[in-house]
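# Chains, contacts and geometry: an overview
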Amino acid sequence: MGALHDGHLSLVKRSLAENDLTVLSIFVNPAQFAPHEDLATYPRTLPRDIELLCQQAYTPPSEPSGRTRQPSAIFLPTVQEMYPSGITQTVTEQKGTFVEVKGYSEQMEGKSRPTFFRGVATVVTKLFNAVEPTHAYFGQKDIQQAILLRRLATDLLLSHPTPKNVHIVPTARDPSSGLALSSRNVYLSEDGKQVAPSLFDALTIAQEAWDKGVDKAGCIERAVNLIEQRKRDAQEKGMNVDIKLDYIEMNDAREFEVLDVEDTINTRRGRPVILSGALYMDSTRLIDNLILGNAREIVY
């Protein structure tokens, strides 16, 4: 959706390394925003985005002429072009054709944002139809979105891209704090920027406990306790930031169902699990995730 950062550019670099032609779409999709969300204020930095894209280049080692690959095109559709029947943020008032991935959109992020994945599935179907990419690249930070799009490609029998060519690229992070890069990070206050890495730290604590054999409840308890400790630390330091945990949960990486005790045991045999969380820093909502188990089954 624009406001490019190093996370987006990591997708571009991956595509440049693996394809002769690379197309990037930039479109702030109204159907992904509920009426109370930040569509009007979402950061739009197109001139800077274009400048950053023009700086990206890759020379294949096997290229005898030393020809350098750069982004081939930027697809910049208008709202009218993407939604010929019009669009409103209120789902009950929307007209036209929309795409839903039933049974995969209600869990995890779907609990907090119940219409979000309907908007994602619809706009990405349109983008796939318009561009017909051989490969498509999405970031792990939005893990549910990316896996859901693989399901969409499977169910709609897409040939461009095929499900196996919907790639998930590891989350790009701030090298000093581990904070997952996001366009919405620009909303964070100075105090918020200091505390924001707490979500990644909490997930890391839970992952370390999992690797040591701690059960699901114990892992999540450690993560929640770390968030609560960071809240207390911020208050004691007089930091002007309101921290509110939305959720930390473990979900099956194929069906997104919440893991129960039996599922937790089965994952020890190699089935991947999504450990994810969401955290409010004032009014800014941050999300992050780690993969427990065989991450290569999901992220490739």
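For the structure, see preceding data.
Residues numbered from 1 in each chain as written. Predicted model: local features only at pLDDT ≥ 70, side-chain atom pairs only at ≥ 80, totals over all residues. Heavy atoms only, no water.

## Some details on the packing of aromatic side chains
Rules: Aromatic rings from Phe, Tyr and Trp, taking only the six-membered ring of Trp, are treated as a pair when their centres fall within 6.5 Å; an angle between ring planes under 30 degrees marks them as stacked, one over 60 as edge-to-face, and anything in between as tilted.
Taken as a whole and judged by the stated rule, the model has 6 aromatic pairs. Members of the aromatic cluster, connected to one another through ring pairs, are Phe27, Tyr83 and Phe98.

## Points about the side chain of Asp252
Stated formally: Going along the chain from the N terminus, every DSSP run of H or I of four or more residues is numbered as a helix, and every run of E of two or more is numbered as a strand. Note on exposure labels: buried denotes an accessible area under 20% of the residue type's maximum, exposed denotes more than 50%, and partly exposed covers the range between, all computed with a 1.4 Å probe on protein chains only. N or O atoms within 3.5 Å of each other form a polar contact, as long as, within protein, one can give a hydrogen and the other can take it, and as long as residues adjacent in sequence are counted only when both atoms are side-chain atoms. Here a residue-residue contact requires only that any non-hydrogen atoms of the pair lie within 4.5 Å.
For Asp252, the position within the fold is in strand β5 (residues 243-252). On the basis of relative accessibility, which here comes to 9%, the residue Asp252 falls in the buried class. Here Glu255 takes part through its backbone nitrogen, which lies 2.7 Å from a polar atom of the side chain of Asp252. In this structure, Asp252 is in contact with Glu257, Leu259, Arg271 and Ile274, ignoring residues within four places of it in sequence.

## Points about the side chain of Gln56
Structurally, the position occupied by Gln56 is in the loop between α2 (46-54) and β2 (73-75). Of note is the side chain of Gln56, whose polar atom sits 3.0 Å from the backbone oxygen of Leu52. For Gln56, the contacting residues outside a window of four places in its chain are Leu9, Val12, Lys13, Leu16, Arg69, Gln70 and Pro71.

## Some thoughts on helix α8 (residues 198-211)
Each full turn of the α-helix corresponds to 3.6 residues, which orients residues three or four apart in the same direction. Note the cut-off: Helices are assigned an expected span. That span is 1.5 Å times one less than the residue count.
When the terminal C-alpha atoms of α8 are compared, their 20 Å separation across 14 residues agrees well with the 20 Å that a helix rising 1.5 Å per residue should span. Of the positions making up α8, those classed as buried are Ser198, Leu199, Phe200, Ala202, Leu203, Thr204, Ala206, Ala209 and Trp210. At the exit of α8 stands Gly213, carrying a positive phi of roughly 95°.

## Brief notes about the environment of Gln229
Mapping Gln229 onto the fold places it in helix α9 (residues 216-236). Gln229 gets classed as partly exposed once you look at its relative accessible area, which sits at 35%. The sequence separation of Gln229 and Ser198 amounts to 31 residues, and the corresponding C-alpha distance is 9.7 Å.

## Let's talk about the nonpolar core
Nonpolar side chains in soluble globular proteins generally cluster together in the buried interior. Inclusion rule: What is meant by a nonpolar core is a set of buried Ala, Val, Leu, Ile, Met, Phe, Trp, Tyr and Cys residues, joined one to another through side-chain atoms within 4.5 Å.
Phe138, Ile143 and Ile274 are the most contacted members of the largest nonpolar core, which totals 35 residues. Among the elements that take part in this core, helix α5 (residues 116-131) stands out by supplying 8 residues, more than any other. Sequence-distant contacts of Phe138, that is, excluding residues within four places in its chain, are made with Leu11, Val124, Phe128, Gln145, Ala146, Leu149, Val166, His167, Ile168 and Val169. If you look at the next biggest cluster of nonpolar residues, it comprises 31 residues, including Leu179, Leu199, Val214 and Leu259.

## What about the packing of α8 against α9?
Where we set the bar: To get an axis, a line is fitted to the C-alpha atoms, and for a helix only the part in contact is used. The angle between two axes follows their N-to-C directions and goes from 0 to 180 degrees. Working definition: roughly parallel below 35 degrees, roughly antiparallel above 145 degrees, roughly perpendicular at 65 to 115 degrees, and oblique for all remaining angles. By definition, turning the near helix anticlockwise from the far helix through less than a right angle yields a left-handed crossing, and turning it clockwise yields a right-handed one. Each residue is assigned to one class: nonpolar for Ala, Val, Leu, Ile, Met, Phe, Trp, Tyr, Cys and Pro, charged for Asp, Glu, Lys and Arg, and polar for all the others, Gly among them.
Direction vectors running N to C along α8 and α9 enclose 150°, while the axes themselves pass 8 Å from each other. Comparing the axis directions of α8 and α9 gives the class roughly antiparallel. Where α8 crosses over α9, the handedness of that crossing is right-handed. Across the interface between the two elements, Ser198, Leu199, Asp201, Ala202, Ile205, Ala206, Ala209 and Trp210 from α8 touch Lys216, Cys219, Arg222, Ala223, Leu226, Ile227 and Arg230 from α9. When its residues are assigned to classes, the contact of α8 with α9 shows 10 nonpolar, 1 polar and 4 charged.

## Quick look at the packing of α5 against helix α6 (residues 143-155)
Helix-helix packing is described using two parameters, namely the angle between the two axes and the distance between the axes. Interaxial distance between α5 and α6 falls to 11 Å at its minimum, and their mutual angle equals 55°. Put simply, α5 runs oblique to α6. Crossing geometry of α5 relative to α6 is assigned as right-handed. Residues Phe116, Phe117, Val120, Ala121, Val124 and Thr125 of α5 pack against Gln144, Gln145, Leu148, Leu149 and Leu152 of α6. Taken together, the residues that form the contact of α5 with α6 break down as 8 nonpolar, 3 polar and no charged.

## Quick look at the environment of Ala217
Relative to the helices and strands, Ala217 resides in helix α9. Each C-alpha atom of the pair Ala217 and Tyr300 lies 29 Å from the other, and the pair is 83 residues apart in sequence.

## Observations concerning unusual backbone geometry
Backbone torsion omega between His160 and Pro161 reads 0°, so that peptide bond is classified as cis. Mapping Pro161 onto the fold places it in the loop between α6 and β4 (166-169). Positive phi, normally seen in glycine, also occurs at Ala3, with a value near 50°. Checked against the element boundaries, Ala3 lands in the segment before α1 (6-18). Backbone geometry at Asp282 places phi at a positive 60°, although glycine is not the residue there.

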